Amino acid sequence: MALGDLVLNETGSIDEVSELSNDASGIKNEIKLTLKGTIRGVEETTKWTYRALVRPDGSVYGEGTAVMTTVDGDVLNLTGAGAAKTAGPGESTNFRTMLYAHTTAAKFADLNHMGLVGEYDIAPDGKATNKNWEWK
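Quick look at the structure, then. (Residues numbered from 1 in each chain as written. Predicted model: local features only at pLDDT ≥ 70, side-chain atom pairs only at ≥ 80, totals over all residues. Heavy atoms only, no water.)

This part takes up the nonpolar core. Ile39 and Leu111 are the most contacted members of the largest nonpolar core, which totals 27 residues. Elements with a minimum of two residues in this core: strand E1 (3-23), strand E2 (26-39), strand E3 (42-54), strand E4 (59-70), strand E5 (75-85), strand E6 (93-103) and strand E7 (115-122). Ignoring anything within four residues of it in the chain, the contact list for isoleucine 39 reads Val7, Leu8, Glu44, Met68, Thr70, Leu76, Phe108 and Leu111. (Core = buried A, V, L, I, M, F, W, Y, C linked by side-chain atoms within 4.5 Å. Buried < 20%, exposed > 50% of the residue type's maximum accessible area, 1.4 Å probe, protein only. Helix = DSSP H or I, 4+ residues; strand = E, 2+ residues; numbered from the N terminus. Contact = heavy atoms within 4.5 Å.)

Now for the packing of aromatic side chains. Taken as a whole and assessed by the stated rule, the structure comprises two aromatic pairs. Ring geometry for tyrosine 50 against tyrosine 120: centres 5.9 Å apart, planes inclined by 85°, an arrangement best described as edge-to-face. Taken together, the positions of tyrosine 50 in strand E3 and tyrosine 120 in strand E7 put the pair 70 residues apart, joining distant regions of the chain. In this structure tyrosine 50 comes out as buried when scored by relative accessible area, which is 9%. Relative accessible area serves as the criterion here: at 8%, tyrosine 120 is assigned to the buried category. Chaining the aromatic ring pairs together yields one cluster made of Tyr50, Phe95 and Tyr120. (Phe/Tyr/Trp six-rings, centres within 6.5 Å; stacked < 30°, edge-to-face > 60°.)

In the sheet, E1 pairs with strand E8 (residues 127-135) via eight bridges, with the strands oriented antiparallel. Along E8, the bridge assignment pairs threonine 11 with threonine 129. The pairing of E7 with E8 spans seven bridges and is classified as antiparallel. Considered in E8, the bridge of isoleucine 122 is made with alanine 128. The antiparallel pairing of E7 with E8 creates a hairpin that spans four residues between the two strands, and glycine 126 there sits at a positive phi of about 90°. (Pairing = 2+ DSSP bridges.)

Another aspect to go through is the pairing of E4. Judged from the eleven bridges that link them, E3 and E4 form a sheet pairing that is antiparallel. Among the inter-strand pairings, glutamate 44 is bridged to a residue of E4, identified as threonine 70. Taking the residues that link successive antiparallel strands as the turn, the E3-E4 hairpin has four residues, and the phi of glycine 58 there is positive, at about 95°. Pairing of E4 with E5, which is carried by eleven bridges, proceeds in the antiparallel orientation. Bridge pairing links valine 67 to asparagine 77 in E5. The turn linking E4 back onto E5 is made up of four residues, and glycine 73 within it adopts a positive phi angle of 90°.

Structure follows, in structure tokens:
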């Protein structure tokens, strides 16, 4: 595996967290998040909704969908999943992710058939960063 260019670079914050369940499998939350940044140098805004399961062993698994809109009016639909370990007090949660995009925008059409490998980190105050690279 080789990583290519940085494709997506965003920052933002969590808008809302709702607890969906708390049982023997762990605590499942729904998270709504807004990120802003660039995709291949074009300014964009992404709205995510994902579910994260914090398991009793301290591992975290999350998956969700998003809609990204660029300043040029292009729309990309994203699907992603990631894993992390539970953060300690005052620490960030550091997910390692895979994202898949789908769009009808010609300038981003090559993203329809590739995976993006990423780092999605959430600080204790709800601030988030997301970086994704092309997986060649």
